[in-house]
Structure formats: C-alpha cells, structure tokens
Amino acid sequence: MQTIIAKLITNYPYVGAFILFGIGCFTIIVNSNLLKKLIGINIMESSIFLLFIAASNIHGGTAPILDPTNPEAVYINPVTTALMLTGIVVSLSVTALALALIIKLYRLYGSMDAHVIFMKRNEVQNSGSHNQQ
Amino acid sequence: MAAIISSNTPILIVLVLLFSAYLLPIFSKKRYKIVKWLTVVSESVLVIGGIYLAWKVLTTGQFNYILGGWEPPWGLELTIDPLSVFFIITVGLISLPIAIYSLPNMACQVHGERRAGWFFTLFLLHIAGLCGMAFSRDLFNLYVFIEVTTISAVALVAADNSAASIEAAFKYLIMATLGSGFILAGIGIMYIITGNLNMIFVRRELALVWTDYPHALWIACSFFLVGFGIKSAVFPLHSWLPDAHSAAVTPASALLSGLAVKGFIIGLIKVLYIAIGVDIFTALGISTLLRILGMISLIAGSIFALSQHQLKRRLAFSTIAQLGYVFLGLGIGNEAAISGALFHIISHGLIKSVLFLAAGSIISQSGETEISQLAGIGKKMPYTMGAFTAASLAMIGIPLFSGFVGKWNMILGSLESANWLAAIVIIVGSLLAAGYLLPIVRTAYFETGNTANIKEVSRSQLIPVLVLAAFIIIFGCFPSYILELTRQAATMLLFN
Amino acid sequence: MILGTGDLIMMIFFAILIIIALCVTFVQDLLYVVIIFGVYSLIMALLWLHLNSPDLAITEAAAGIGVTTLMITLIRRTVRREN
Amino acid sequence: MLDFVLKSVVTVLIPFIQMFGLYVIFHGALSPGGSFAGGMILGLGFIALNVVFGLEKGQEKFSDEMAGFLVSLGPIWYGSIGLVGILRGANFLVNKDSGLPMGEPGTLISGGMISLITLGIGIKVASTIVTLFNALTEEE
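Starting from 1, residues in each chain are numbered consecutively following that chain's sequence as written. Numbering of ligands from 1 and lettering of chains from A proceed in the order in which they are written. Residue-level local features of this predicted model are given only where pLDDT is at least 70; pairs of side-chain atoms are given and counted only at 80 or more, and the full residue set underlies all totals for whole chains, interfaces and linings. The side-chain quantities take in all heavy atoms of the structure and omit both hydrogens and water.

1. Some details on the side chain of E77 of chain B
Residue and element names in this part refer to chain B.
Point 1. The helix and strand labels rest on DSSP assignments: H or I over at least four residues marks a helix, E over at least two residues marks a strand, and numbering proceeds from the N terminus. Within the element layout of this structure, E77 appears in strand β2 (residues 77–80).
Point 2. Summary of buried charges: E77 has no salt-bridge partner, and the nearest side chain of opposite charge, R137, is 5.7 Å away.
Point 3. N or O atoms closer than or at 3.5 Å make up a polar contact, with two conditions inside protein: a donor-capable atom paired with an acceptor-capable one, and, for residues adjacent in sequence, both atoms drawn from side chains. A distance of 2.9 Å separates polar atoms of two side chains, one belonging to E77 and the other to N64.
Point 4. At 3.3 Å, the side chain of E77 forms a polar contact with the side chain of N198. Three labels apply to residues, based on accessible area from a 1.4 Å probe with only protein chains included: buried if under 20% of the type maximum, exposed if over 50%, partly exposed otherwise in between. Residues scored as charged are limited to Lys and Arg (positive) and Asp and Glu (negative), so that His and the chain ends carry no count. Within this document, salt bridges are pairs made up of a side-chain nitrogen of Lys or Arg and a carboxyl oxygen of Asp or Glu, the two lying within 4 Å of each other.

In structure tokens, the structure reads:
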C-alpha cells in the first residue's frame, strides 16, 4: 500500500493529468448546458496535453531554445511541444465549430440547455407539424 | 514532369484535394460552374492516382514517401502499402459518384450557391482527411487526420441548416470529441511506454518491453477501442449515428455511412495491427473483445433496424449492423477473416452509398420518409428502385453480388479457427438483413398506392447510382483484383 | 526521487486546476463559468512555462484569450438577453 | 466618458497589438511563439476594434469578403511553398534543398521557408478568428 502511495506521489503529473481527464469526462456527461459540455471537452483535451508534456519534461532541463552562452544545457524533448501545439489548434477548432452550432441551436430553440431543447423538440413533434426549417 | 509526378503521387493526391477544397470558396460566389469542374477533376485525380498506386504496389511492393527530407523517427513518412492503397481505391470509387450525384441540386438543398461551395470544401477536406489517414504511419499524424475527418464530418451533417441536423451534429461533435480524447490519451500512454510515435518503431520497442507494462498497455488498448469504437459506432457507443446519418443531406449521409466510419476502422486496424502487433493484443485479450463487440453490434443493430419505420433511419441502423461484420472479422484474426473484413469494407461502402442515394432520390421525388408510404413506387422509378433492390440483395449476401465475397471469406476464416459461433452469427446477420431490407422492396413493387405524380429522377442523378450498382455486381462476379489486394494487406498486417 | 520546490509549485498548480475544473459543474451563472475557464487557461499557461515549454505557454495564452472572448460574445448574444 | 477613455486607449493600443502579433509570427523560428499564437494576437486586435467601435467600423478596416478570401489564401500559400521542393526534384516541403536563402542561424532571415510558411498560417488564423467573431455577433 505504501509503495503504491509513494509511486503515486512521485508520478504526480500523470496522476493529476488523469484526475483532470476524469473531471473533464464528468463535466461533459453530467452537465446539461451545452456551453459547460464544451468547457468539459477543453478541460479533457488539455489534461491529455499535460500528460504528453509531463512525459517529456526532465528534472533540471531547459527549454529547447538554442543558447550559445550555455553549451552544457540539457534540453528537453521538443517533439511533444510541437505535437501539442497541433493539439491545441485542433481543440480550438473543435471549440469554434461547437460554438457555431450552439448559437444556431439557440436561435432555433431559444435555449442552451439540452433538456429544454429535448422537451421543445418533443412538443413540436407531438403537435404533428414537424417543421424542417 | 512525368518523373516528378510519378515519384510524388501520394502527396500530390492529398494536395490536389486540399488545394481545390480551399479554392472552391473563392469561386463559389460568382462562378458556380468552376466549383463543379474542380470537384470532379480533383476526385478523378484521386481515382486515377489510387489505381496507379495500386498497380505500383502490386508490381513492386510497398514503399515510403518521406516528407520534408527528415527520415523517421524524426520526420513524418507516408507509407504506401496494400492496406492504404486498398482504402484509397475505396474512397475514390465511392466518393466520385457521390460527388457527381450531389453537384446538380446541392445549391438548392443547402440554400444557396455560396453555401454549396462551402459544402464541397468540407466534402473534399473530408476525403483528404481519409486519404491522409490511409497513408500515415505515425500515431500523432493519424490523430490529426482523424480530427480533420471528424470535424468536416460534423460540419457536413449540419450543412442543410435544419433543426434536426444541427442537433444531430452537436450530439455527434460531443461524442466524437470524447472519442478523439480517448484516442489521444491512448497515444500518450503508448508514447510514455515506448518513447516513439512512428508505428514501426513503436512495435519494435513494444516487443521488447511490453511484459513490464501489461496494465498500462491494456489501458492504452482499451482507450483506443473506446475512442475508435465511438467514432465507428460499435453497438453500445453508437447513439450518435442514427440521428446524424438520417438527418444529414443525402450525399453527406451516403459519404458518412459509406466511408467515414470505415476510415476510423482503418485507423483502428493500423493502431492495433501495425503499432501494437497481433501477438501482443491477442495475448491481452483484445481480439476476444473485438469479436464480442462485433457480434453484439451485428445482432443489436439488425434488431434496431427492424423496428424502424423511417427509410433513412433503418439504413442508418443497418450501418451499425454491417460494421459489426468488420469488427467480427478483425477479431477472428486469421488471414481469410481479415481479408474478408477488408473486402466487406469496400462492398458495404458501395452498397450503403447506393442505398442512401436511392433513398434520397425516392424521398426527394415522393416527399415521403416512411417505409409504408412507398407503396407502388417501384413502377414509377424503375431504375432507382432496381439499384436499390440490387444493393439489398448484395447486403443480404446473395452469390454474384459483392456482399457475398466478404461474408464467405469471413465464414471460411471463422471455420478455420474453429469458431462456430462467429459463423452462425454471420449467417443470422444475413437473415436479419433480409428481414429489414426485403420488406422495403416488397412494398415498393407489390403494393399499390397513390403514385400518380412521381417521376424518375433526372439523368445526372440516376447515372451515378447505376454506376455504383454496376460496381456491386462487377465486384461480386470478378472479385479477384480486390481480393488480391485485401489478401496482401492481411498478410502484411499479420506477418509483417 | 526527492521532491523539490519546483514540484511543490506544480502540485499547487494542479490543485488549483482541479478546483477550477470542478467549479465548472457547480457554478450556475454562465458568465462566471467562462471567466473561471479563462483563469484555467492562464494557470495552464503558467504550468506549461514551468514544464519548460514556453512555446506552448504563449499559444495556450493566446488560444485561451481567443476562446473566452468568443464564449463571452456568445453569452452576450444569447443568455444575457433573457434576463 | 468611459466610452471615450476606452476608445482612446484602444486606438493607441491596436497598432502595438498588431505589431506584436507580426513579431510573434516572424520570430517563431527563433523564440517562443509562432504562427498560431501570432495569428491569434493579430486577429484579436481586429476583434478589439470590432468590440469597441462597432461592427461597421470593423468592416471598413477588415471586411468579411477580405477575411473569407484570406481564409482560403493561407493554406494555398502554404501548399505552394511546399511545392517548391517538388519542382526542384526533392520531396514535399523540403527546406534546404528548395533553394531559399538559409541565412545566419540566430538572425531573422534564417530557416529558409519557415518564416514564409508561418506568415501563411498566421494570416489564416487571424482571418479565421475574425470570421468566427463576426459569425457569432451577426444578427439573425
């Protein structure tokens, strides 16, 4: 038991990243507000970026920018940084698309809450005049 | 010039698609004709390039194309192997007729020519994403192309701006992003274990160290399974698919049902077979899981399809059932079963796009979406309904149609590995497919209804459907070329 | 491995991140949620800087500002109009 | 009064925001930052203009047509730069073999095509974010 706790403490970035991942999933699933779901997605994705960056970081390393005055510097792995930049771009584009869809849904239903949208849609369908526009 | 083109074919295919995708919005406002020509030309480049690459792979074997002059593991490479060539051909053959079908009346379906230009931008971006997914041999590169495909697919679902489609698109976006989050987390764990992202290097490293980290690897595998499972709609994770595929405009639903979900299966195949290796994931019990998931989604998807009364929703649920076949074939995991599963990918892509396009024609001509109201339509729209019937028979697996070849190979594979249950499930699935498709055909031909004002669709929309239906029969009668490709792909996946 | 001051700072950052992430669910007013999310991006950027990825920090800061701007615009156009 | 202060401050600030955005774009190869962050800052400058002075004034400076055109132009620019390598007989996106001046390491003109590529992406990102903002604020 103690060894497990010691392992968890020494690997705290991974533990933190996975806790954030779990909270992100929780936020997506529990909240009925669409904007909160979107923020949950952002939290989840940034937690995964944290996992990558924590894996490439080393104790006593410096950022991978060439410094001629300090030839003995230990540079960390720059690959993950480049990859996670792409990841941030991807998550931003998902966010942008989701925002566009949310405002369209708001204009159609007058709400940003999944339950309200569901109820209004059912009302429309039950009244028999399912308007496609 | 010819030498330059022939040595750079793989990247040029993707580039032509991307270039024309971004040129379309510039032209769409004033010169809508250029949009049509650019779409058709770039799709044709895809088909011709795919066939050329297939000829090259079949004659000289697989080869790599290195981007930016950096060798792997530092740089990115595109690998042209039987699997990727097979998928490129699938994409080309299916998407070109869909594009031609959608060109004449897209502007009226999505309210305006400018929006139609954006629709084709998304269409071509989606196809470029699928091509990139087929070519990439790098886990993170694969992830980026998966996201390109997903985002464009979501936007394609939302294209016609109706309440139902936007709602379905948002649902799809949330589910798919959850899935890609799981995929990226899986890639992260693999990177932490092996320190590499190139699939070949990952497998080489994993073969040495996997016994030290069995739990971490199992978690990574299950993350991949959940992520790709959401995106390719395995049974318990399928809830977005029926809404999205039935609410989208007809060409979009044909494209998504016929190609997009298969693209994610290709991604799963690459991760499991090339990056992890067949021995390791079988030892972890993943192939049993794949088999069970396949059987459940086959049976459950068929039963859900039986209970649907709307034409497009029934077809959407049948997609879930048919993807079950592919998962089952991958789970059985011997050469015959995998090549059968791959053959089923192309044949189901053709079949499902015929079914969706024909259904779209029927709905737009008659205005009815319920199956029971299609009575007598077979006499009024003989060619469309004929293609629909041929595709239905192929889906059931009648010999001389393409659906038979894949299923036959999968049954052979399951008998080879003494897996009787899988063989029985495959046959039961065929019977269930007959149960949910043949009533539509029967209603259309043998019942009489009020069909006075219904006419056959215009020629430009009829010919693509008939060409796709012809491909179903051609691949059913002469499957040898495609089977050769899938067999080589299966050999590469198992013994490479 | 002995944990140093750097690790302590990072643990504090993690704790703040987790608290903020939980706040998103339990705070009702959407404007507050978006502002809290802006703080989340800022802390994340600091964390990247601490993890030797200044490249990522500047991008995260820019992206966080962009996303929160868009979200606040969205809220101004939608929910605030109801009240 | 508050309006006056806001407008004066933003008028002074916007050129510096844009300048900083361009700086981040062009120094992406040398220092932290890069095309995405720089493009975002550039775009946020235009958004500040839109927020403070209203959409009409913003449209004068950076119209929707212009933004739509630049959204398409950015990726095409990127692809065309990549094609230089292919025309020179090497692979796609090769840097050194494409014949662009490599310059001294550590100075602004170094890294061959990298600053050209980042300029393309920066333009794309900036125009995309402005388009998004306009799409979210436009009246139905």
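2. Topic: the side chain of S95 of chain B
Residues and elements named next belong to chain B.
Point 1. Secondary-structure assignment places S95 in helix α4 (residues 82–102).
Point 2. Among the polar contacts made by the side chain of S95, one reaches the main-chain carbonyl oxygen of V91 at a distance of 2.7 Å.
Point 3. The contact definition used throughout considers only heavy atoms, calling two residues in contact when any of these lie within 4.5 Å. Sequence-distant contacts of S95, defined by excluding residues within four places in its chain, comprise E43, L46, F123, I127, L255 and L259.

3. Description of the packing of helix α3 (residues 32–60) of chain B against helix α6 (residues 113–135) of chain B
Residue and element names in this part refer to chain B.
Point 1. Where helices are involved, their axes are fitted lines through C-alpha atoms of the stretch in contact, as for all axes, and angles between N-to-C directions lie from 0 to 180°. Direction vectors running N to C along α3 and α6 enclose 15 degrees, while the axes themselves pass 10 Å from each other. Judged by the angle between their axes, α3 and α6 are roughly parallel. Relative to α6, the crossing made by α3 is left-handed. Here Y32, V35, T39, S42, E43, L46 and L53 of α3 come into contact with α6, specifically with E113, A116, F120, F123, L124, I127, C131 and F135.
Point 2. The class makeup of the residues in the contact of α3 with α6 is 11 nonpolar, 2 polar and 2 charged. An angle counts as roughly parallel when it lies under 35 degrees, as roughly antiparallel when it exceeds 145, as roughly perpendicular when it falls between 65 and 115, and as oblique in every other case. The crossing is said to be left-handed when, going from far helix to near helix, the turn is anticlockwise and less than a right angle, and right-handed when the turn is clockwise. Classification used: nonpolar for Ala, Val, Leu, Ile, Met, Phe, Trp, Tyr, Cys and Pro, charged for Asp, Glu, Lys and Arg, polar for all others including Gly.

4. So, the pattern of salt bridges
Point 1. The full count for this structure, using the stated rule, is 7 salt bridges over all chains.
Point 2. The residue R121 of chain A makes a salt bridge to E167 of chain B at a minimum N-O spacing of 2.8 Å. Of this pair, R121 of chain A sits in helix α5 (residues 114–126) while E167 of chain B sits in helix α8 (residues 163–194), which puts the two residues in different chains.
Point 3. Accessibility expressed as a relative area gives 23% for R121 of chain A, which makes it partly exposed.
Point 4. Judged by relative accessible area, which is 15%, E167 of chain B ranks as buried.
Point 5. Via salt bridges that share partners, K171, D243 and R313 of chain B belong to a single interconnected network.

5. With respect to the interface of chain A and chain C
Point 1. Between chain A and chain C, the residue contacts involve 45 residues of the former and 40 residues of the latter.
Point 2. Roughly 3,700 Å² of surface becomes buried between chain A and chain C when both sides are summed, with 79% attributable to carbon and sulfur atoms.
Point 3. By buried area we mean how much accessible surface two parts lose on assembly, using a 1.4 Å probe and totalling the loss over both. Among the residues of chain A in contact with chain C, Y12, K36 and I39 of chain A are the three that bury the most area, contributing 17% of the side total.
Point 4. Between chain A and chain C we count 0 salt bridges in total.
Point 5. Summed over the shared surface of chain A and chain C, the result is 6 residue pairs in polar contact (both at pLDDT 80 or more).

6. Describing a positive patch on the surface
All names here are of chain B.
Point 1. Taken together, the side chains of K29, K30, R31 and R114 present a region of like positive charge at the surface.
Point 2. With respect to the helices, strands and loops of the structure, R31 is situated in the loop between α2 (9–27) and α3.
Point 3. R31 sits in the exposed class, given a relative accessible area of 53%. Surface patches are defined over residues having more than 30% relative accessible area and no salt bridge, joining like charges when they lie within 9 Å and nonpolar side chains (Val, Leu, Ile, Met, Phe, Trp, Tyr) when within 5 Å. Each accessible area is a Shrake-Rupley result for a 1.4 Å probe, and residues are judged covered by the shown protein chains and nothing else. Positions of charges follow a simple convention, taking NZ of Lys, CZ of Arg, CG of Asp or CD of Glu.

7. Considerations on the arrangement of the chains
Point 1. The interface with the highest contact count, out of 5 pairs of chains in contact, is the one between chains A and C.
Point 2. At the C-alpha level, the nearest point of chain B lies 16 Å from chain C, with no contact between them.

8. Quick notes on the interface of chain A and chain D
Point 1. Tallying the contact residues gives 8 residues for chain A and 9 residues for chain D.
Point 2. Between chain A and chain D the total buried area reaches about 750 Å² when both faces are included, carbon and sulfur atoms providing 77% of it.
Point 3. Contact with chain D buries area across many residues of chain A, yet I65, L92 and R107 of chain A alone supply 54% of it, more than any other trio.
Point 4. Our count for the contact surface shared by chain A and chain D stands at 0 salt bridges.
Point 5. Inspection of the chain A/chain D interface yields 0 residue pairs in polar contact (both at pLDDT 80 or more).
Point 6. When its residues are assigned to classes, the side of chain A that touches chain D shows 7 nonpolar, no polar and 1 charged.

9. Here we look at the packing of α6 of chain B against helix α7 (residues 139–157) of chain B
Residue and element names in this part refer to chain B.
Point 1. The interhelical angle for the contact between α6 and α7, taken along N-to-C directions, is 155 degrees, at an axis separation of 8 Å. The pairing of α6 with α7 is recorded here as roughly antiparallel in orientation. Read as a crossing pair, α6 and α7 show a hand that is left-handed. Seen from α6, the contacting residues are F119, L122, F123, L125, H126, A128, G129, L130, G132 and M133; seen from α7, they are L142, F145, I146, V148, T149, S152, A153, A155 and L156.
Point 2. Among the residues making up the contact of α6 with α7, the classes are represented as 14 nonpolar, 5 polar and no charged.

10. Brief notes about the nonpolar core
Point 1. Counting residues in hydrophobic clusters, the biggest one holds 276 residues, and the most contacted among them are L35 of chain A together with F119, Y273 and I276 of chain B.
Point 2. In terms of residue count, α8 of chain B provides more of this core than any other element does, 20 residues in total.
Point 3. Apart from the residues lying within four places of it in its own chain, the contact partners of L35 of chain A are L99, I102 and M112 of chain A together with L30, V34, M71, L74 and I75 of chain C.
Point 4. What we call a nonpolar core is a set of buried Ala, Val, Leu, Ile, Met, Phe, Trp, Tyr and Cys residues that are connected through their side-chain atoms within 4.5 Å. Formed by 12 residues, the second largest nonpolar core is a distinct cluster that contains I332, A422, A423 and V425 of chain B.

11. Points about helix α12 (residues 250–276) of chain B
Residue and element names in this part refer to chain B.
Point 1. In this model α12 runs 38 Å from its N-terminal to its C-terminal C-alpha over 27 residues, within 8% of the 39 Å that 1.5 Å per residue would give.
Point 2. Across the chain, bend at a residue is computed as the angle between axes fitted to the seven residues ending at that point and the seven starting from it. A maximum bend of about 40 degrees is found in α12 at L256.
Point 3. Burial within α12 is extensive, with 27 of its 27 residues counted as buried.
Point 4. Positive backbone phi, approximately 100 degrees, marks G277, located one or two places after α12. In this scheme, a helix's expected span is set at 1.5 Å multiplied by one less than its residue total.

None of the figures reported here should be taken as evidence of function without further support.
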